[in-house]
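A look at the structure
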Amino acid sequence: MNPTRTALLAGVRDTVPMLVGAAPFGVIFGTLAIASGIPAWAVLALSALVFAGSSQFVAVSLIGGGAALPVIWLTTFVVNLRHALYSASLLPYARDLPARWRWPLAFWLTDETFAVVEHRLREHGAAQGGVWYWLGSSLAMYLNWQLWTIAGVLLGQSVPGLASLGLDFAMVATFAAIVAPQLRQYPVLAAAVAAGVVALLARHLPYKLGLMLAALAGVGAGMLAESLAAGATQEEQT
Amino acid sequence: MTQPLWLAILGMVVVTYGIRLSFLVFGHKLAFPPALQRALRYVPAAVLTALIVPMALAPQGDIDLSLANAYLPGTLVAGAVAFYSRQTLPAIVLGFVAYGVWRWLF
């Protein structure tokens, strides 16, 4: 087998655990979006063109609630801003690549591919087909996400009335399951409490503006708690 | 529902792709501020909690702490299972079971 193909397949293979992890979320996303009344073309377009799971879930909730366009865009920006960090971390390995590589690899940048590829590039650098490895992981995540979204859309269409069965609860449960383990860290807990209180108080604001206020309050509270905790540690040491 | 949908999606594509392109394509002109890096750590918890709390406590718009609100026990079970097991999928499934049983009971 030629080295290019070996590297590509290694990228796919190392991404398999991530593929398994993403699969149920793809199905839940597709089903939930259909149950929220979003047309199938738009559900498939979200997965094919935006390709960022958490922001897709948030968008379904916002679109279903009739949020204003700028609120949807701004929330997407806030939720996906962490990708800029990944983009910056991978730049040293991509600096010498031609644009025809960097543009598509950037499009496919996800939490999962970043985790897999950054590890490999840090250990071996871009040599030994590193960029093909990166492409393999990217393509695997992308095709996997499309496949499970389609499965979810088909499921949502074949079982009408899923929303009345309480499928809208699936989103709340999914978010709660993602957030809860992070609450062990005190500043994250502060961020969650502040965001939750503000979101509850501001829930009647039009265009889902309360979400933006709550996100800002949460991030502010988290950073404040982090500073206070750091100050307390310093005092203990002196 | 937000309209027009295509415009909502187009904006999301531009925003998301722009972020991903930022350093990989325009990296020589950018610097990542450390304060922003700190702030990013709290974004998932803040945004997701902001979505969860109103849905769990006020699913119909008004705060509902009655037995008829199955969202609240379901969310608490999902959160508790995830907190103690650190497993996402079992937490979702058990939360859903709690929600379903609660609706059936009350």
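Here the structure is shown first, and the text comes after it.
These lines cover the structure that appears in this document, whether it is placed above or below. (Residues numbered from 1 in each chain as written. Chains lettered and ligands numbered in written order. Predicted model: local features only at pLDDT ≥ 70, side-chain atom pairs only at ≥ 80, totals over all residues. Heavy atoms only, no water.)

1. So, the interface of chain A and chain B
Selection criterion: It only takes one pair of heavy atoms within 4.5 Å for two residues to be counted as in contact. By definition, the buried area sums, over both parts, the 1.4 Å-probe accessible area that each loses when the two are put together. The salt bridge criterion pairs a side-chain nitrogen of Lys or Arg with a carboxyl oxygen of Asp or Glu, the two atoms within 4 Å. As used in this structure description, the phrase polar contact means that two N or O atoms lie within 3.5 Å; if the pair is within protein, one of them must be able to donate a hydrogen and the other to accept it, and residues adjacent in sequence are counted only when both atoms belong to side chains. Working definition: helices are DSSP H or I runs of at least four residues, strands are E runs of at least two. Numbering for both runs from the N terminus. Gly is put with the polar residues, along with every residue not named as nonpolar or charged; the nonpolar set is Ala, Val, Leu, Ile, Met, Phe, Trp, Tyr, Cys and Pro, and the charged set is Asp, Glu, Lys and Arg.
Contact residues are listed per partner, giving 88 residues for chain A and 68 residues for chain B. Between chain A and chain B, roughly 6,800 Å² of surface is buried when both sides are summed, and carbon and sulfur atoms account for 77% of that area. A per-residue breakdown of the area chain A buries against chain B is headed by Trp103, Phe169 and Arg184 of chain A, which together make up 10% of the total. Applying the counting rule to chain A against chain B returns two salt bridges. In this structure, the salt-bridge partner of Glu226 of chain A is Arg41 of chain B, at a minimum N-O distance of 3.2 Å. Between chain A and chain B we count 21 residue pairs in polar contact (both at pLDDT 80 or more) in total. Considering each element in turn, the side of chain A that touches chain B owes the most residues, 15 residues, to helix α9 (residues 163-179) of chain A. Looking at the side of chain A that touches chain B, its residues break down into 62 nonpolar, 20 polar and six charged.

2. Here we look at a nonpolar patch on the surface
Residue and element names in this part refer to chain B. The criterion, for reference: Only residues above 30% relative accessible area that lack a salt bridge enter a patch, with like-charged residues linked at up to 9 Å and the nonpolar side chains Val, Leu, Ile, Met, Phe, Trp and Tyr linked at up to 5 Å. Here, Shrake-Rupley sampling with a 1.4 Å probe gives the accessible areas, and only protein chains in the shown set may cover a residue. Only protein chains enter the accessibility calculation, which uses a 1.4 Å probe. A residue is then buried if its area is under 20% of the maximum for its type, exposed if over 50%, and partly exposed in between.
Side chains of Leu67, Val93, Leu94, Val97, Val101, Trp104, Leu105 and Phe106 sit close together on the surface and give an oily, nonpolar patch of about 840 Å² of accessible area. Residue position: Val101 is located in helix α5 (residues 88-105). Val101 gets classed as partly exposed once you look at its relative accessible area, which sits at 41%.

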